[in-house]
Amino acid sequence: MANRRLPDENGGPSMKHNELRIRLPDDPERIDQDSEYCLVQLDGSWQKIRFHDYHRIFAIPGLYEQLFHDILDCRSPDVVGKLLKEQIQRDNVVASSLRVLDLGAGNGLVGEQLRTVGAGTLVGVDIIPEARDAALRDRPEVYDAYHVADLTALSEQDSRTLAGYGFNTLSCVAALGYGDIPPAAFRAAYNLVSDGGWIAFTIKDRFLGDEDTSGFARLIKRCQEAGVLEVRSSERYRHRLNICGEPLYYVALVGVKHADIPAELVR
Ligand SMILES: C[S@@+](CC[C@H](N)C(=O)[O-])C[C@H]1O[C@@H](n2cnc3c(N)ncnc32)[C@H](O)[C@@H]1O
């Protein structure tokens, strides 16, 4: 436990929700990122909640922020907001012209950051209704619209509705790989953005490396080689701490879309 410097219980700053009592596992060294969990005191008893059980996490007001941001010091929304802002300023793009599809929007922390950047239109998409409910509960002013949808199996109505927004920016933060958003869903969202639009996303560094099994390393490389995506800036950064208090590194990328991703690139 050499690197451990996490509180056993939540000692983070005050939230607008009531402070929750949160404990991390006693044996964190034996748990990998995909299996991480915490214990939360609810109605007098401690309940085990896996970090990837987003439907449970979002159903408890304040848990996502207290766990990932206060205790585990997540920085991803800030980092991607900063990189996108730098790139649009470099190109003299007015932030209010951004029409953003925020994929895997969760309870709206990325949307909140993009509002700070000045984005004009923001539409959230997530696969679980609990994320939408939490975003409307916690940040009702952030999104212009929020759709619960699986982008790999869109209804005709949802396809028309999403196409109708005329997106020129895609954001996707801390939601690729790990059984979350697969390459096919990323492709569907990417292809909803107009050519010349901005693509801003974060992904675990390992998913861009030679040993990647998520499919994203190959997809991003092939998109660049095919001239579909021009990466303008990328930054390896500390996404958050794991439950041992060790850093988890992600890469944030901001680029310009030049063409749709053809189906064969995700096969
Ligand atoms: C770690 S959370 C990130 C939320 C938000 N982007 C943030 O940074 O705070 C991952 C989100 O991706 C969503 N997600 C997982 N698989 C998805 C899919 N196939 N399509 C859309 N959203 C998905 C989850 O429901 C969850 O809200």
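Preceding this paragraph is the structure being described.
Numbering of residues begins from 1 in every chain and follows the order in which that chain's sequence is written. The predicted origin of the model limits local features to residues at a pLDDT of at least 70 and limits the giving and counting of side-chain atom pairs to 80 or more, whereas totals for whole chains, interfaces and linings rest on all residues. No hydrogens and no water enter the side-chain calculation; it runs on all heavy atoms of the structure.

## Side note on the packing of aromatic side chains
The aromatic pairing rule takes the rings of Phe, Tyr and Trp, using the six-membered ring of Trp, and pairs them if the centres are within 6.5 Å, calling planes under 30 degrees apart stacked, those over 60 edge-to-face and the rest tilted. As enumerated under the stated definition, the model contains 10 aromatic pairs in all. A centroid spacing of 4.9 Å and a plane angle of 55° characterise the contact between Tyr64 and Phe68, whose relative ring orientation is tilted. On the criterion of helical spacing, the pair formed by Tyr64 and Phe68 is a turn pair, its members being 4 residues apart in helix α2 (residues 63–71). When its relative accessible area of 6% is taken as the criterion, Phe68 is described as buried. Secondary structure elements follow DSSP: runs of H or I of four or more residues count as helices, runs of E of two or more count as strands, with numbering from the N terminus. Buried residues are those whose accessible area, probed at 1.4 Å on protein chains only, stays under 20% of the maximum for their type, while exposed residues exceed 50% and partly exposed ones sit between those limits.

## A few points about the site of the ligand
Whether a residue is near a molecule or strand depends on its heavy atoms: it is near if one of them lies within 4 Å of it. Tyr64, Gly104, Asp126, Val173 and Ala174 are the nearest of the 17 residues found near the ligand. At 3.4 Å, a backbone N or O of Ile127 approaches a nitrogen atom of the ligand. Contact between the ligand and Val173: a nitrogen atom at 2.9 Å from a main-chain N or O atom of the residue. All accessibility values rest on the Shrake-Rupley procedure with a 1.4 Å probe; residue burial counts only the protein chains present in the view. Isolated, the ligand exposes 600 Å² of accessible area, and the fraction of that covered by the protein chains is 94%. Within this scheme a cavity is a closed region of a 1 Å grid, computed over the protein atoms alone, that accommodates a 1.4 Å probe without allowing it to escape, whereas a pocket is open but has protein on both sides within 12 Å along at least five of seven lines; lining residues each have an atom within 4 Å of a point. Any molecule with more than half of its atoms within 2 Å of a cavity's or pocket's grid points is counted as sitting in it. Judged by the proximity of its atoms to the pocket grid, the ligand belongs to the largest pocket. Going through the elements one at a time, α1 (54–59) and α4 (109–117) are the ones with two or more residues in the shell around the ligand. Note on residue classes: Ala, Val, Leu, Ile, Met, Phe, Trp, Tyr, Cys and Pro are nonpolar, Asp, Glu, Lys and Arg are charged, and everything else, Gly too, is polar. Of the residues in the shell around the ligand, the class split is 13 nonpolar, 2 polar and 2 charged. We define a polar contact as two N or O atoms separated by no more than 3.5 Å, with the added condition that, inside protein, one atom must be a possible hydrogen donor and the other a possible acceptor, whereas residues neighbouring each other in sequence contribute only through side-chain atom pairs.

## What to know about the environment of Thr116
The residue Thr116 is located in helix α4 in this model. For Thr116, a relative accessible area of 62% translates into the label exposed. For the pair Thr116 and Ala175, spaced 59 residues apart in sequence, the C-alpha separation works out to 21 Å.

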